[in-house]
Amino acid sequence: MVKILTSSAMALTLFASAGTMIPASAFAQSAYDAQFTEYPTYSGDDLELLVDGSGTHFRLWSPKASEARVMLYDNGHTGTAYQTLPMTFNAADGTWSASVADKLYGKFYTFQIRQNDKWLDETPGVWAKAVGLNGQRAAIIDMANTNPAGWCCDRGPEVKNFSDVIIYEMHHRDFSVDPSSGIANKGKFLALTEQGTTSPQGLATGIDHLKELGITHVHILPSYDYNSVDEANLQLNQYNWGYDPQNHNTPEGSYSTNPSDPETRVREMKQMVKALHDAGIGVIMDVVYNHTAENDGSNFELTAPGYYHRHWDDGRYSDASGCGNETASDRRQMHDYIVNSVKYWADEYHIDGFRFDLMAIHDTETMNDVAAELKKINPSIFVYGEGWTAGDSPLAIDRRALKENVSAMTDIAVFSDDLRDAVKGHYSNAEDRGFATGKPGNEETVKIGIVAATAHPQVDFSKGNNSKFPYAKSPEMIVNYVSCHDDLTLTDKLRKSMPEASDSLRQAAAKLAQTIVFTSQGTPFMFAGEEMFRDKKGVHNSYNSPDSINAIDWNLKARNADLFNYYKGLTALRKAHPAFRMTSAEQIARHLVFDKIDSSKQPNLISYSLKDNANGDDWKEIKVILNGADSPQTVSIAKGDWRIVAIDGKISPEADLGAMQGGKTTVAPCSALILARVK
């Protein structure tokens, strides 16, 4: 979606501890919305469609409709209904139902309700699990026929702790559409099933590249059916990130090889998931339950007008999403919808994690129930999200799934904008620099990121740029990153903020920035193509930009091989050493010790140790020294037999870059020095 605000800056202006004024509207549900508290709700698992031995059964939740009907079609996109079924109302649960004695596999349907003496437009409903072209009509298919060979035994990677996860965020089209990818199914689910694909220089691309890089999970931008791409005219090569939800529970047709066939999109998405699982890689789905692509024309509004969205007292849609509306997770039927939808994706598609867009639009109770229910399906499922909104909301602040409220949630993580902005410079100012690019004054905020926003005796949160208190109870509540699909890529940010520098120096800064991310406590997250110095030609919000802006040029992998190898070394280092993956705030406070450095005399310098075989690490002590200054800096290292892990832009997870005895040591500008002591 078009993100009006992609930082917690807006959330902070509404948060009491930030010392700013809170609008009165934030403390109470609007009077307009109060009318919906009397609606009956329905918790059965047969909403929308059920096919069994007695036929095909339809059920629609629409408590205030005066009439409802089902239209049956032979075609998913054209033609008129061949039959109309009147529906019967059950006042106790607010649902309408109708049945046909036959199994209507291969047919399509829509619902239509009459409310306030007006028949609304047809809709596939909110629970369509298969759809025809452009998602206007729901499809009746046998889901068992969509399972690829071996699906019954398919499993994603086991995750013992969220801090063990390494996330790679990608978009289907970006990753495979460029001719240099060597991939046949460009921009499709099947692109990630192809093995042996190479760049023009013979280097691995696609899924083989992911295996080589060593990440544990791919976070794929929205894969559900969204509104903005015309599936009937794919030759137009339209592009969108997909933050404009249309049908939340069925795959996007433009990523399939045949969007006209409802089974194809389902089957091919499952094939993608299985191929990634076979490669040892988990699949995280980017989900957008916080708003809909349309207001009055959305499937929600066409089935239960007014209920699923929040409003202000005067009846206007509230718009914390910045996209025209926001959904009301605090209402029971919407709460259940979100919970049951993610459960469906986890069950039917074996999804391993969910990233919630603008998660703070949702209430903490809903998010806790999401995590709890998913854990019953698969204990390895990872849930995280953006802990902010893009505007004000009628939802009370203390109920919002804000970054600052993450400790009120269980098994949920949030992005750290603290680390992001402090390391590279503020996201909203392209020219602004950060710790890794020579701007002093960010040291304490970087430390907040290093300890994953947990309480630490050596970190002064009052000096933090974004956060003023330790908001995470555990490092497993924090996702660290320096760039993602939103805003400038790291490459573009470095080119804007370091205009006089060469790309060689910018890549040194990129290495330092990612070293901070990968050696910090919490979960590391990287944006696809960063490892090759991918850019988007300076475009901030490329949500609908053409392939010429968004596509990854795989020639960059050979051109920037040194950078790629460094990223690969970072993933290997983190996976090999649990000291970087501690699981509790107590562990971090005990084992992570910062060296005393006077920032007024040595700006942009951070030095710390991971001591006493932290988290069961084989290395007794790990020394991490980060120099973001544009000149060398000297540090004092305890005497001992140190092995060099990283130095001058080189990295070796095996610590075979040489030895050092400690004492006064000079650290090169814009670089990290990492040392290990075994005894």
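Just above sits the structure.
Residues numbered from 1 in each chain as written. Predicted model: local features only at pLDDT ≥ 70, side-chain atom pairs only at ≥ 80, totals over all residues. Heavy atoms only, no water.

## Points about the overall build of the chain
Worth spelling out the cut-off: Starting at the N terminus, helices and strands are each numbered in turn, a helix being any DSSP run of H or I of at least four residues and a strand any DSSP run of E of at least two. All radius of gyration figures rest on C-alpha atoms, and the globule criterion is 2.2 Å times the number of residues raised to 0.38. Only protein chains enter the area calculation, which uses a 1.4 Å probe; residues under 20% of their type maximum are buried, those over 50% are exposed, and those in between are partly exposed. Any two residues whose heavy atoms approach within 4.5 Å at even a single point are treated as in contact. Positive residues here are Lys and Arg, negative ones are Asp and Glu, while His and the chain termini are left out of the count. The atom standing in for a charge is NZ when the residue is Lys, CZ when it is Arg, CG when it is Asp and CD when it is Glu.
The number of helices and strands found in the chain is 16 helices and 28 strands. Here the chain has a C-alpha radius of gyration of 26 Å; the compact-globule value for 679 residues is 26 Å, and the two agree. A burial count over the chain gives 63% of its 679 residues as buried. Counted over contacts in the chain with a minimum sequence separation of 6, partners at least 24 positions apart contribute 72%. Positive and negative charge centroids in the chain, built from 65 and 87 side chains respectively, lie 6 Å apart.

## Re the packing of helix H11 (residues 490-497) against helix H12 (residues 503-519)
Spelled out, the test is: The axes used here are C-alpha line fits, helices contributing only the stretch in contact, and every angle between their N-to-C directions lies in the interval 0 to 180 degrees. Roughly parallel means an angle under 35 degrees; roughly antiparallel means over 145; roughly perpendicular covers 65 to 115; every other angle is labelled oblique. Left-handed describes a crossing in which the near helix is turned anticlockwise from the far one by less than a right angle; the clockwise case is right-handed. Residue polarity is assigned by list, with Asp, Glu, Lys and Arg as charged and Ala, Val, Leu, Ile, Met, Phe, Trp, Tyr, Cys and Pro as nonpolar; anything else, Gly included, falls into the polar class.
Viewed as axis vectors pointing N to C, H11 and H12 meet at an angle of 125°, and their least axial separation amounts to 10 Å. In terms of their interaxial angle, H11 and H12 are classed as oblique. As H11 runs across H12, the sense of the crossing is right-handed. Contacts between H11 and H12 pair Leu490, Leu494 and Arg495 from the former with Asp503, Arg506, Ala509, Ala510 and Gln514 from the latter. Here the contact of H11 with H12 is composed, by residue class, of four nonpolar, one polar and three charged.

## With respect to H12
The cut-off we apply is this: Helix span, expected: 1.5 Å multiplied by one less than the number of residues in the helix.
With 17 residues, H12 should cover 24 Å at 1.5 Å per step; its first-to-last C-alpha distance of 24 Å lies within 8% of that length. Within H12, 13 of the 17 residues are buried, leaving the element largely enclosed by the surrounding structure.

## Concerning the sheet that holds strand S5 (residues 88-90)
As a reminder, the rule being used: Paired strands, as defined in this entry, are two strands with at least two bridges between them according to DSSP.
Read across the open sheet, the four strands follow the order S1-S2-S6-S5; overall the sheet is antiparallel. For this open sheet the edge positions go to strand S1 (48-52) and S5, each flanked by a neighbour on one side alone. Direction aside, the axes of adjacent strands within the sheet are offset by 25° on average. As defined by bridge partners, S5 adjoins strand S6 (residues 95-100) across three bridges and the pair is classed as antiparallel. In the sheet register, Phe89 faces S6, and the bridge partner there is Trp96.

## Quick look at the sheet that holds strand S16 (residues 382-385)
Strand order in the closed barrel made by the eight strands is S10-S11-S14-S15-S16-S17-S18-S19, with parallel pairing throughout. Geometrically, the sheet is characterised by an average inter-axis angle of 30° between neighbouring strands, direction not taken into account. The pairing of strand S15 (residues 353-356) with S16 spans four bridges and is classified as parallel. Directly across from Phe354, in S16, lies its bridge partner Val383.

## Overview of the environment of Tyr567
Inspection of the secondary structure puts Tyr567 in helix H15 (residues 561-576). As a C-alpha pair, Tyr567 and Met532 span 35 residues in sequence and 9.1 Å in three-dimensional space. Those residues in contact with Tyr567, other than ones at most four positions away along the chain, are Leu213, Leu490, Ala510, Gln514, Met526, Glu530 and Glu531.

## Focus on the packing of aromatic side chains
We count it as follows: Note on aromatic pairs: the rings of Phe, Tyr and Trp (six-membered ring only in Trp) are paired at centre separations within 6.5 Å, and the planes decide the class, stacked below 30 degrees, edge-to-face beyond 60, tilted for the rest.
Per the counting criterion, the structure on display carries 34 aromatic pairs. When the ring of Trp61 is compared with that of Tyr308, the centres are 5.8 Å apart and the planes differ by 70°; the resulting orientation is edge-to-face. Of this pair, Trp61 sits in strand S2 (residues 55-61) while Tyr308 sits in the loop between helix H6 (299-303) and helix H7 (332-349); the two residues are 247 residues apart in sequence, bridging distant segments of the chain. Take Trp61 and Tyr308: they sit in the same class, and that class is buried. Ring centres of Phe382 and Tyr384 lie 5.0 Å apart, and the angle between their planes is 35°; on these two criteria the pair is classed as tilted.

## Observations regarding the nonpolar core
What tends to happen in soluble globular proteins is that the nonpolar side chains get buried as a cluster. How we decide: The criterion is simple. A nonpolar core is a set of buried Ala, Val, Leu, Ile, Met, Phe, Trp, Tyr and Cys residues joined through side-chain atoms within 4.5 Å.
Core analysis: the biggest nonpolar cluster contains 139 residues, and Tyr168, Val218, Phe354 and Phe356 have the highest contact counts within it. Sorting elements by how many residues they give to this core places H7 first, with nine residues. Within the second largest apolar cluster, 21 residues are counted, among which are Leu60, Met87, Val100 and Leu302.

## Here we look at the side chain of Ser545
In this structure, Ser545 sits in the loop between strand S19 (523-527) and helix H13 (547-550). Ignoring anything within four residues of it in the chain, the contact list for Ser545 reads Tyr239, Val539 and Asn550.

## Let's talk about the pattern of salt bridges
Using the following cut-off: Whenever a carboxyl oxygen of Asp or Glu lies within 4 Å of a side-chain nitrogen of Lys or Arg, that contact is scored as a salt bridge.
Taken as a whole, this structure holds 38 salt bridges when the rule is applied. In this structure, the salt-bridge partner of Glu263 is Arg267, at a minimum N-O distance of 3.0 Å. Taken together, the positions of Glu263 and Arg267, both in helix H5 (residues 262-278) and four residues apart, correspond to about one turn of that helix. Salt-bridge contacts for Asp503 lead to Arg495; the nearest nitrogen and oxygen are separated by 2.8 Å. According to the relative accessible area criterion, Arg495 is partly exposed, its value standing at 29%. One salt-bridge network, in which partners are shared between bridges, spans Asp286, Arg355, Asp357 and Glu386.

## A short note on the pairing of strand S13 (residues 245-251)
Burial runs high along S13: seven of the seven residues are buried. The pairing of strand S12 (residues 224-226) with S13 spans three bridges and is classified as antiparallel. From the neighbouring strand, Asp225 faces S13, where its bridge partner is Asn247.

## A look at H15
Taking 1.5 Å per residue, 16 residues should reach 22 Å; H15 reaches 22 Å between its end C-alpha atoms and fits that length. Where H15 is concerned, the buried positions are Leu563, Phe564, Tyr566, Tyr567, Gly569, Leu570, Thr571, Leu573 and Arg574.

## Some words on unusual backbone geometry
Even without being glycine, Glu48 reaches a positive phi, approximately 85°. Locating Glu48 in the fold gives a position in strand S1. With relative accessibility at 4%, the residue Glu48 sits in the buried group. Here the phi dihedral of Asp411 falls at roughly 60°; this positive angle occurs in a residue that is not glycine. Relative to the helices and strands, Asp411 resides in the loop between S16 and strand S17 (413-415).

## What about the side chain of Thr445?
Quick note on the threshold: Think of a polar contact as two N or O atoms within 3.5 Å of one another; within protein, one of them needs to be a possible hydrogen donor and the other a possible acceptor, and neighboring residues in sequence only count if both atoms come from side chains.
By the element assignment, Thr445 lies in helix H10 (residues 443-450). At 2.9 Å, the side chain of Thr445 forms a polar contact with the backbone nitrogen of Asn465. Apart from the residues within four sequence positions on either side, Thr445 is in contact with Asp418, Ala422, Lys463, Gly464 and Asn465.

## Notes on the environment of Gly306
With respect to the secondary-structure elements, Gly306 resides in the loop between H6 and H7. Here Gly306 falls in the buried class, since its relative accessible area comes to 5%. Residues Gly306 and Leu203, 103 residues apart in the sequence, show an inter-C-alpha distance of 53 Å. Apart from the residues within four sequence positions on either side, Gly306 is in contact with Phe36, Glu301, His311 and Arg331.

## Considerations on the environment of Thr571
Position of Thr571 relative to the elements: it lies in helix H15. Assessed through its relative accessible area of 1%, Thr571 is described here as buried. Sequence separation of Thr571 and Phe518 is 53 residues, and the distance between their C-alpha atoms is 7.3 Å.

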